[in-house]
Amino acid sequence: MKKRYLLGTDIGSSSTKTVITDFHGNVLASATEGYEILCPQNAWAEQWPDVWENAARHTIRRVMKQSSAAADEVVALCISGLYGGSGIPLDENMEVVRPCIIWMDRRAEALCERLKGELDQDELFRITENGIDSYFGYTKMLWIKENEPENWARTKLFMTPNQYVSYRLTGEIAIDRTSAGNLGGIFDYEKNDWSDSMLNLLGIPRSVLPQRILDPTDIVGTLNAEAAATLRLAEGTPVCAGCIDCLASTLSSGVYSGNQAVAVLATSLNWGLLHLQKPADPQYISMPYLTKDHHLRYTYGGISTAGALTKWFAHNLALGTSAEGFEEKEQKLLFRELETAAAAIPAGSEGLLMLPYFMGERTPIWDSKARGSVLGLTVKHTTAHLYRALLESVGYALRHVMESYGTTLPHDAVCRIVGGGTASRLWVQILADITGVKLECMTEGVEAPIGDAFLAGVAGGVFSGYEEIDRWAKSYMVFCPNWSNHELYTRYYDIYKHMYPAIKEDMHKLAELGFSFE
């Protein structure tokens, strides 16, 4: 039977989504399964990998059933995944040792402060193109080594979320180079391999890392009989290596070459540039991009919480409860109501200003003890005011990241924006108004699974190059800044930049009084 379809699955921080498409990027069916992040202590964040595997299996099976595609009509499957922090620690029998410490976890902060005094940071940056922070996976590995020696002794291999699921479907062990680079201080960018010198300095055995480092479109393996039967696919269906989910999102919107600015509005928010030069500043994060060009990098600033804030707000303030088990359909209705209410509030939320540092903050302040703050509350402010101020706080944080990059963007600059948060047209417009930059997003939500499906097509030989994604990225909405709002927001932004240094000392004292990361 003729091959006609492509499968893309993205394992995100809060949900897994799968799509099946034809060769023109038309989506035949999609399925999503949500789950929670475990936070056993403040600023800790971890997940059990069986949640990811089950969600991937369930959503793949559902789209195959919904689309009525025959098992042997699928060219290939591609799986992307959240940045899995430490990676999943596995024992000699490939059994899970403990939950995966994911990207937003900040428990390794004290360890990082010590490393800054022990390591040659210039040499670390020269080799890995990244710095020292508890965001990076290598610091989370070291936290396990120092704080859970029994678990460290049992751990024989760390695997990323997407590659763990691929392993469960194919029996093959590997890591894609975007994930390898995003681990930080143990990946030699120029050599496209683990850095033996950094591994030795840090005391991390090379043996606990996958030895196959693949390009995202390389084939990891093929579906085994058990997986094929479960997923309604043919045994032997190729599975390609995939990539970090934010990169699959950028590809889905037609971003695949240098000198393009792109933002990913999801659980967190990333803004950065695709470029060919070695980065100059370790305060930004760099990872290999997903094309075959090993010189193409994505260097970005990361805001720790974006979509995570709207979810927190909806579940804990709008509902007045944690809303465990809240149905997805009801969640969408609630967000629609919140957005309608917030849209009726004028720019600036009538004197209300927030700092969005609910899980510490990355770029540009790199402070794990930073905290969310609200300034200007009065009795006239409502839930709608608070929600709009929260959306605006992410806009101020985005502007802070962009300005700190050192590149002044002209008024006619355009930045492509992707991710689940772009479903909120109000939020995208607020971001454009605050930053003063035109933001371009798809008229229909395109997220990582679409990029994954395209990568599956490249892996399967359907497409000869990445430029063919232009045929998939068919129509955009351009959000032009409202310059009157921008002028007002600039006055708020000046206060925003002053807030953090003004209360930083007290923030840290508060953290140490019972909300520290240790």
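Please read these numbers as outputs of a predicted model, since none were measured by experiment.

Attention shifts here to helix H3 (residues 121–128). Buried within H3 we find Leu-124, Phe-125, Ile-127 and Thr-128. Buried positions in H3, seen along its axis, are confined to an arc of 165° and lie on one side of it. The inward-facing, buried residues of H3 contact helix H4 (137–147), strand S10 (187–188) and helix H8 (196–202). Between the side-chain oxygen at the start of H3 and the backbone nitrogen of Asp-122 there is a gap of 3.1 Å, and the oxygen is on Asp-120. Backbone geometry just after H3 places Glu-129 at a positive phi near 65°.

Counted by the stated rule, this structure contains 20 aromatic pairs. Residues Tyr-284 and Tyr-405 carry aromatic rings whose centres are separated by 4.9 Å and whose planes lie at 70° to one another, so their mutual orientation is edge-to-face. You can see Tyr-284 sitting in the loop between strand S16 (269–275) and strand S17 (285–288) and its partner Tyr-405 sitting in the loop between helix H13 (383–404) and strand S21 (414–418), a full 121 residues away along the chain. Given a relative accessible area of 3%, Tyr-284 falls into the buried group. Aromatic side chains Phe-463 and Trp-472 sit 5.7 Å apart centroid to centroid with 85° between the ring planes, which places their arrangement in the edge-to-face category. With a relative accessible area of 6%, Trp-472 lands in the buried category. Connected via pairs of aromatic rings, a cluster forms that spans Tyr-83, Tyr-135, Phe-136 and Tyr-138. Here the guanidinium or amino end of Arg-107 rests over the ring plane of Trp-44, the centre of that ring lying 3.7 Å away. Here the basic side chain of Arg-107 rests over the ring of Trp-143, its NZ or CZ set 4.7 Å away from the ring centre.

Attention now moves to the pattern of salt bridges. Applying the stated criterion across every chain yields a total of 32 salt bridges. Its salt-bridge partner being Arg-297, residue Glu-129 comes within 2.8 Å of it at the nearest N-O pair. With Glu-129 in the loop between H3 and H4 and Arg-297 in strand S18 (residues 297–303), this residue pair connects regions lying 168 residues apart in the sequence. Considered together, Glu-129 and Arg-297 belong to a single accessibility category, that of buried residues. Where Glu-468 meets Arg-471, a salt bridge forms, and the shortest distance between an N and an O atom there is 3.2 Å. Given the relative accessible area of 18%, Glu-468 is considered buried. Shared partners join several salt bridges into a network, and the residues in it are Glu-46, Arg-98, Asp-105, Arg-107 and Glu-148.

Of all residues in the chain, 93% attain a pLDDT of 70 or more, and the chain-wide mean is 91. The model gives residues 320–326 a pLDDT under 50, and that stretch makes 10 contacts with residues more than four places away or in other chains.

Quick look at the sheet that holds strand S22 (residues 438–442) now. The sheet built from 7 strands is open, its strands ordered S17-S18-S16-S15-S21-S22-S23 with mixed pairing. Each edge of the sheet is formed by a strand with only one pairing partner; in this case those strands are S17 and strand S23 (476–479). Each adjacent strand pair in this sheet contributes to an overall mean axis angle of 30°, direction not counted. Alignment of strand S15 (residues 260–265) against S21, held across 3 bridges, turns out to be parallel. Of the residues in S21, the one forming a bridge with Val-264 is Val-418. Against the sheet, helix H10 (residues 245–252) contacts S15, S16, S17, S18 and S21, and its axis sits at roughly 120° relative to S15.

This paragraph deals with the pairing of strand S2 (residues 15–21). Judged by how many residues are buried, S2 sits mostly within the fold: 5 of 7 residues are covered. Bridging between strand S1 (residues 5–11) and S2 involves 6 bridges; their strand directions are antiparallel. When the sheet's bridge partners are listed, Thr-9 is paired in S2 with Thr-18. In this antiparallel pair of consecutive strands, S1 and S2, the connection spans 3 residues. In this structure, S2 lies alongside strand S3 (residues 27–34), joined through 7 bridges in antiparallel fashion. Directly across from Thr-18, in S3, lies its bridge partner Ala-31. Linking S2 back to S3 in an antiparallel pair, the connection comprises 5 residues, with Gly-25 at a positive phi of about 85°.

What counts and what doesn't
- Residues numbered from 1 in each chain as written.
- Predicted model: local features only at pLDDT ≥ 70, side-chain atom pairs only at ≥ 80, totals over all residues.
- Heavy atoms only, no water.
- Buried < 20%, exposed > 50% of the residue type's maximum accessible area, 1.4 Å probe, protein only.
- Helix = DSSP H or I, 4+ residues; strand = E, 2+ residues; numbered from the N terminus.
- Arc of directions from axis to C-beta.
- Contact = heavy atoms within 4.5 Å.
- Polar contact = N/O pair within 3.5 Å; in protein donor to acceptor, adjacent residues only side chain to side chain.
- Phe/Tyr/Trp six-rings, centres within 6.5 Å; stacked < 30°, edge-to-face > 60°.
- Lys NZ or Arg CZ within 6 Å of the ring centre and 35° of its normal.
- Salt bridge = Lys/Arg side-chain N within 4 Å of Asp/Glu carboxyl O.
- pLDDT = per-residue confidence, 0-100.
- Pairing = 2+ DSSP bridges.
- Axes fitted to C-alpha atoms, helices over the stretch in contact; angles between N-to-C directions.

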